[in-house]
2 protein chains.
Amino acid sequence: MRVVVPFDPETPNERLSSLFSLAERREFAAAMLGDVLAAVRGAGGRPEVLAAAPLADTPAAAAVGDAPVVVDDRPLSEAVNAALADGLPAAVVMADLALATPDALAALFEREGDVVLARGRGGGTNAVVVRHPGFRVDYHGVSFRDHVAAAERVGATVATVDSFRLGVDVDDEADVLDVLVHGADAADQRAAAGRANGATAGSAAAGWLADAGVRVDVVGGEPTVVRDE
Amino acid sequence: MRVVVPFDPETPNERLSSLFSLAERREFAAAMLGDVLAAVRGAGGRPEVLAAAPLADTPAAAAVGDAPVVVDDRPLSEAVNAALADGLPAAVVMADLALATPDALAALFEREGDVVLARGRGGGTNAVVVRHPGFRVDYHGVSFRDHVAAAERVGATVATVDSFRLGVDVDDEADVLDVLVHGADAADQRAAAGRANGATAGSAAAGWLADAGVRVDVVGGEPTVVRDE
């Protein structure tokens, strides 16, 4: 399956500005992109990076490996719909699903339905498989609800997958906490799939956080993201 | 399978105080409890409510149906460990998993392993199946990580299930948003399972929110919980 992975190399993860500098956010976003691409490959998908700007001279250039890169600076939904028009079936998987594993994505790719959705927290759509040519994405607002309605409008059947791993898109500090708790386990699964495919795969996002001194501590009884100086 | 459902009838969901009065929080918590019990029954489990205080004269009294209720006012982990000592295998399922469905819980109950964990957001453990007599729960801190370590210490095998539905425990407004977006779908699945079992099942938590005028609106481009006056 074609798997389109939209990516912003310039100003990713703006809600993590309190934790990371812009240069660090670019590195972390590239590490997550590498993890997502490894998970897609491990699930048997063919990833294509849909970049909002050229990747040259950014940390993401090394993370993409042999995946083709298309640069399209239009708004996200418009660029994704143009990519979908290049050939169906296709999936769209967000680049910040740092907990994605080959198994979780394979379940998505294999689920029957004209439109198959993976829920994101906060009403979002973290991944979607599109098999109906009339369906268009719109990531504005409560996109999960809107995508169900859009599929029904064009007579497409809708299915969902139930996945915590695909439900966590890394947006704010609470999401970083989930990556810290569950990221190593996800990396192990991607690495095992990579070895089976003859590819190498590291623990990019979890490893980057560890190198940056970011960890979970219990503060006032609550799990909290802290950063060692 | 025995399924222990801990429940606080007195001061539930304190982080929702900005949205609901204490009386309302008790009603909403009771509605979620009813949903969780319906999902447990739909998955073939035998629910037992582990109440931190008597349910008489609280909205939860009507929600429990024919489930036995044990009152234990000790701290959560201590009370749960006492309940587990009454007989294994047993599951512990949090009472605020308003998106739980029979399918998601059945996958948990059926997964092999001495200790089977369902991740909660923020490092939590939203549900666990225990088949090893040496395992003890401890819900303080980063409980998911601690439960994996505790299982390994007693030589128990550990497995996990990957579920968005079991990953959302209703703690704050962001969780209420997920209930608003995905709760009706979960209620439909519980109702279908209830009809198959000859039981009646309503859409308790999602219905309660609708009756209270709580809905999702898009504010400044972001999905947001709003309450009509």
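That block above? That's the structure.
Another point: the relation of the copies chain B and chain A. A rotation about some axis, followed by a shift along it, carries one copy of the chain onto the other. Laying chain B over chain A is done by rotating through 180 degrees and shifting 0.0 Å along the axis; what remains is an RMSD of 0.0 Å. Both chain copies can therefore be described as sitting about a two-fold axis. A high fraction, 100%, of the interface residues of chain B reappear at the interface in chain A, so the copies pair face to face through one surface.

Moving on, we come to helix 3 (residues 76-84) of chain A. For helix 3 of chain A, every residue scored as buried is listed here: S77, A79, V80, N81, A83 and L84 of chain A. If you follow the buried residues of helix 3 of chain A, they end up packed against strand 1 (2-7), strand 2 (46-51), strand 4 (90-93) and strand 6 (125-130) of chain A.

For helix 5 (residues 143-153) of chain B, the full list of buried residues reads S143, F144, H147, A150 and A151 of chain B. Considered in projection along helix 5 of chain B, the buried side chains sweep an arc of 125 degrees and stay on one side of the axis. Among the exposed residues of helix 5 of chain B, those oriented more than 90 degrees off its buried face are E152 and R153 of chain B. On its buried side, helix 5 of chain B packs onto helix 7 (173-196) of chain A together with strand 5 (115-119), strand 6 (125-130) and strand 7 (158-161) of chain B. Taken from the residues just after helix 5 of chain B, G155 of chain B is the one with a positive phi, measuring 75 degrees.

Attention now goes to the sheet that holds strand 3 (residues 69-71) of chain B. Residue and element names in this part refer to chain B. Taken in spatial order, the seven strands make up an open sheet running 3-2-1-4-6-5-7, and their pairing is mixed. For this open sheet the edge positions go to strand 3 and strand 7, each flanked by a neighbour on one side alone. Across the sheet, the axes of successive neighbouring strands diverge by a mean angle of 20 degrees, strand direction being ignored. Across four bridges, strand 5 lies against strand 7 in parallel orientation. From the neighbouring strand, L117 faces strand 7, where its bridge partner is T160. Contacts from helix 1 (residues 22-42) reach strand 1 (2-7), strand 2 (46-51) and strand 4 (90-93), with the element oriented near 175 degrees to strand 1.

So, on to the packing of aromatic side chains. Under the criterion given, the structure shown has six aromatic pairs over all chains. One aromatic cluster in this structure is built from F20, F28 and W208 of chain A.

When the parts come together, some accessible area is lost, and that loss is often what is quoted as the size of the interface. Between chain B and chain A, the residue contacts involve 30 residues of the former and 30 residues of the latter. Note on chain B versus chain A: buried area summed over both sides is about 2,600 Å², and carbon and sulfur give 53% of it. Counting across the interface, chain B meets chain A through eight salt bridges. Taking the shortest distance from any N to any O, the salt bridge between D185 of chain A and R119 of chain B comes out at 3.2 Å. Our count for the contact surface shared by chain B and chain A stands at 18 residue pairs in polar contact (both at pLDDT 80 or more). Put simply, the parts of the chain that give the side of chain B that touches chain A at least two residues each are helix 5, helix 6 (164-167), helix 7 (173-196), strand 8 (214-219) and strand 9 (222-227) of chain B. When residues of the side of chain B that touches chain A are assigned to their parent elements, the largest contribution, seven residues, is made by helix 7 of chain B. Looking at the side of chain B that touches chain A, its residues break down into eleven nonpolar, nine polar and ten charged.

Here the focus is the layout of surface pockets. Taken as a whole, the second largest pocket encloses approximately 540 Å³ of empty space. In terms of lining residues, the second largest pocket is bounded by 27 residues, among which R111, D162 and S163 of chain A together with D162 and S163 of chain B are the most central. Breaking the lining of the second largest pocket down by element, the ones donating at least two residues are helix 4 (102-110) and strand 7 (158-161) of chain A together with helix 4 (102-110), strand 7, helix 6 and helix 7 of chain B. Here the element with the most residues in the lining of the second largest pocket is helix 4 of chain A; it accounts for four residues. For the lining of the second largest pocket, the residue count by class is eight nonpolar, eight polar and eleven charged.

Quick look at empty space enclosed by the protein now. With the rule as written, the count across this model stands at one cavity of 30 Å³ or more. Each pocket or cavity is described by its volume, and for the largest cavity that value is around 40 Å³. Those elements that place two or more of their residues in the lining of the largest cavity are helix 6 (164-167) of chain A together with helix 6 of chain B. Among the residues forming the lining of the largest cavity, the class breakdown is four nonpolar, two polar and two charged.

The rules behind these values
Within any chain, residue numbers begin from 1 and follow the written order of that chain's sequence. Each chain takes a letter, starting from A, and each ligand takes a number, starting from 1, following the order in which they are written. Given that this is a predicted model, residues contribute local features only at a pLDDT of at least 70 and side-chain atom pairs are listed and counted only at 80 or more, while totals for whole chains, interfaces and linings are drawn from all residues. To get the side-chain values, all heavy atoms of the structure are used, and hydrogens and water are removed first. A least-squares superposition brings the copies together, and it is based on the C-alpha atoms of residues with pLDDT no lower than 70 in both. Residues count as neighbours in contact if any of their non-hydrogen atoms are within 4.5 Å of one another. Only protein chains enter the accessibility calculation, which uses a 1.4 Å probe; a residue is then buried when its area is under 20% of its type maximum, exposed when over 50%, and partly exposed in between. A run of DSSP states H or I qualifies as a helix once it reaches four residues; a run of E qualifies as a strand once it reaches two. Both are numbered from the N-terminal end. Note that the arc is computed from the directions linking the helix axis to the C-beta atoms. Whether two strands pair depends on DSSP finding at least two bridges between them. Throughout, an axis means a line fitted to C-alpha atoms (over the contacting stretch in the case of helices), and angles, computed between N-to-C directions, take values from 0 to 180 degrees. Between the rings of Phe, Tyr and Trp (Trp by its six-membered ring), a pair exists once the centres lie within 6.5 Å; its type follows the angle of the planes, with under 30 degrees stacked, over 60 edge-to-face, and the other angles tilted. What gets called buried area is simply the loss in accessible area from a 1.4 Å probe that two parts show on being joined, summed for both. Only one rule defines a salt bridge in this text: a Lys or Arg side-chain nitrogen within 4 Å of an Asp or Glu carboxyl oxygen. Within 3.5 Å is the distance limit for a polar contact, defined as a pair of N or O atoms, with the added protein rule that one can donate a hydrogen and the other accept it, and that residues adjacent in sequence qualify only through two side-chain atoms. In the scheme used here, Gly and all other residues not listed as nonpolar or charged are polar, with Ala, Val, Leu, Ile, Met, Phe, Trp, Tyr, Cys and Pro taken as nonpolar and Asp, Glu, Lys and Arg as charged. Residues are called lining when one of their atoms sits within 4 Å of a cavity or pocket point, these points coming from a 1 Å grid over the protein atoms alone, where a cavity is a set in which a 1.4 Å probe fits but cannot get out and a pocket is an open set with protein on both sides within 12 Å along at least five of seven lines. Grid points are joined across faces, edges and corners, and a volume is the space filled by probe spheres set on the points.

The quantities given are spatial measurements derived from coordinates; they are silent on function.
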